[in-house]
Amino acid sequence: MSKISKPIIVGNWKATPKDLKTAISFVKDLEKKLSKNKIKKNYLLAVPDVYINSLFNISKFGIIGAENLTGNEEGQTTGLNTPSIISSVGAKFIILGHSEVRKRGETNQSIKEKLTNTLSKNIKTILCVGEEKREVNVNYLKFVEDELKECLEVSKKEDFKNLIIAYEPVWAIGGISPATTNECFEMVISIRRTLVELIGMDNAKKVSILYGGTVTKENAHSFIEEAGVDGLLIGRASQNVDDFYSIIKSCL
Ligand code: PGA
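Before going into details, it helps to say that this report is about the structure given with it. Note that the coordinates shown come from a computational prediction; the quantities given were computed from them, not determined experimentally.

1. Some points on the site of the ligand
- In the vicinity of the ligand lie 13 residues, with Lys14, His98, Glu168, Gly174 and Arg236 positioned nearest.
- Glycine 235 places a main-chain nitrogen or oxygen 2.9 Å from an oxygen atom of the ligand.
- Taking 280 Å² as the accessible area of the ligand by itself, protein coverage stands at 100%.
- Each residue belonging to the shell around the ligand can be placed in one class, and the counts come to four nonpolar, six polar and three charged.

Right, here's the structure in full:
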């Protein structure tokens, strides 16, 4: 895989676009814009599993990955995709623990099992964490700390080189207001502290942290400049080629 350039810009296409033809023209269009403007930076794009191979074959600057991991072990489990199935068709990274997947029943325990597997297989893994709410009596820093500890419990320290954390406050996903850069910064410091506690300073330094939740072409740059993150995880704005291009350009 080509080295991921920083800031790390990751699109999460979710259940879009409507068909493979549209997905292919999106990537061609995006890369035409990047080439024309001599932008060499790479980007990551998490796409529906069935699009992975075709996009992997045509993309020059894109690192294509999966939005989720449905299965963990090869065998008699109808309809599930394992790390080896996903990576054999070109996925270079996998997102785990997205809140929309957690809402459908994914637990820290099942994320931990999948994460231990993907990291040990040398697959870059983006682990999403984030509190549901920020209320006076809700200790959101502790909530995220617990999520991290539960999901990372059995992974080997040396495998953490393949880990990326995405801080995605659930209340900011799919809405109109992102977290403020101050709110994000506070959480990034807390996540770093937890990582140091879990794996020591040297290993913790190697883990990149992203912010996600209503990132737009207007606010993307401010997170990189002011919120202490190494990159962004972008939903809706990555599903529009002009917006995604503008974000990549604004984060050079
Ligand atoms: P959003 O989604 O950018 O549309 O808020 C972010 C995400 O779900 O990762």
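2. Quick notes on the pairing of strand β2 (residues 43-47)
- Among the five residues that make up β2, five are buried, leaving the element largely enclosed by the rest of the structure.
- Of the crossover connections in this fold, the one passing from strand β1 (residues 8-12) over helix α1 (residues 20-36) to the parallel β2 is right-handed.
- Judged from the five bridges that link them, β2 and strand β3 (residues 62-66) form a sheet pairing that is parallel. Across the sheet, valine 47 pairs through a bridge with alanine 66, a residue of β3.
- Crossover handedness for the path β2 to helix α2 (residues 52-58) to β3: right-handed.

3. Considerations on the nonpolar core
- One finds Leu127, Ile165, Ile191, Tyr211 and Leu232 to be the most contacted residues of the largest nonpolar core, which totals 64 residues.
- Non-local contacts of isoleucine 191, meaning those with residues more than four positions away in its chain, are made with Val129, Val144, Leu148, Ile165, Tyr167 and Ile209.
- By size, the runner-up hydrophobic cluster in this structure holds 14 residues, among which are Ile126, Cys128, Ile164 and Leu233.

4. Examining unusual backbone geometry
- Between lysine 6 and the following residue, proline 7, the backbone shows a cis peptide bond with an omega angle of -10°.
- Here proline 7 lies in the segment before β1.
- For the peptide bond that leads from threonine 16 to proline 17, omega is -10°, which places it in the cis range.
- Inspection of the secondary structure assignment puts proline 17 in the loop between β1 and α1.
- For lysine 14, which is not glycine, the phi dihedral falls at a positive 55°.
- One can find lysine 14 in the loop between β1 and α1.

5. Some words on the environment of lysine 133
- One can find lysine 133 in the loop between β5 (124-129) and α6 (140-152).
- Taking the C-alpha atoms as reference points, lysine 133 and tryptophan 171, separated by 38 residues in sequence, lie 6.1 Å from one another.

6. A look at the side chain of threonine 125
- Topologically, threonine 125 is positioned in strand β5.
- A polar atom in the side chain of threonine 125 sits 2.9 Å from the side chain of threonine 118.

What counts and how
- Residues numbered from 1 in each chain as written.
- Predicted model: local features only at pLDDT ≥ 70, side-chain atom pairs only at ≥ 80, totals over all residues.
- Heavy atoms only, no water.
- Near = heavy atom within 4 Å.
- Polar contact = N/O pair within 3.5 Å; in protein donor to acceptor, adjacent residues only side chain to side chain.
- Areas by Shrake-Rupley, 256 points an atom, 1.4 Å probe, with all protein chains shown as cover.
- Nonpolar A, V, L, I, M, F, W, Y, C, P; charged D, E, K, R; others polar.
- Buried < 20%, exposed > 50% of the residue type's maximum accessible area, 1.4 Å probe, protein only.
- Helix = DSSP H or I, 4+ residues; strand = E, 2+ residues; numbered from the N terminus.
- Right-handed = clockwise from strand over helix to strand, strands pointing away.
- Pairing = 2+ DSSP bridges.
- Core = buried A, V, L, I, M, F, W, Y, C linked by side-chain atoms within 4.5 Å.
- Contact = heavy atoms within 4.5 Å.

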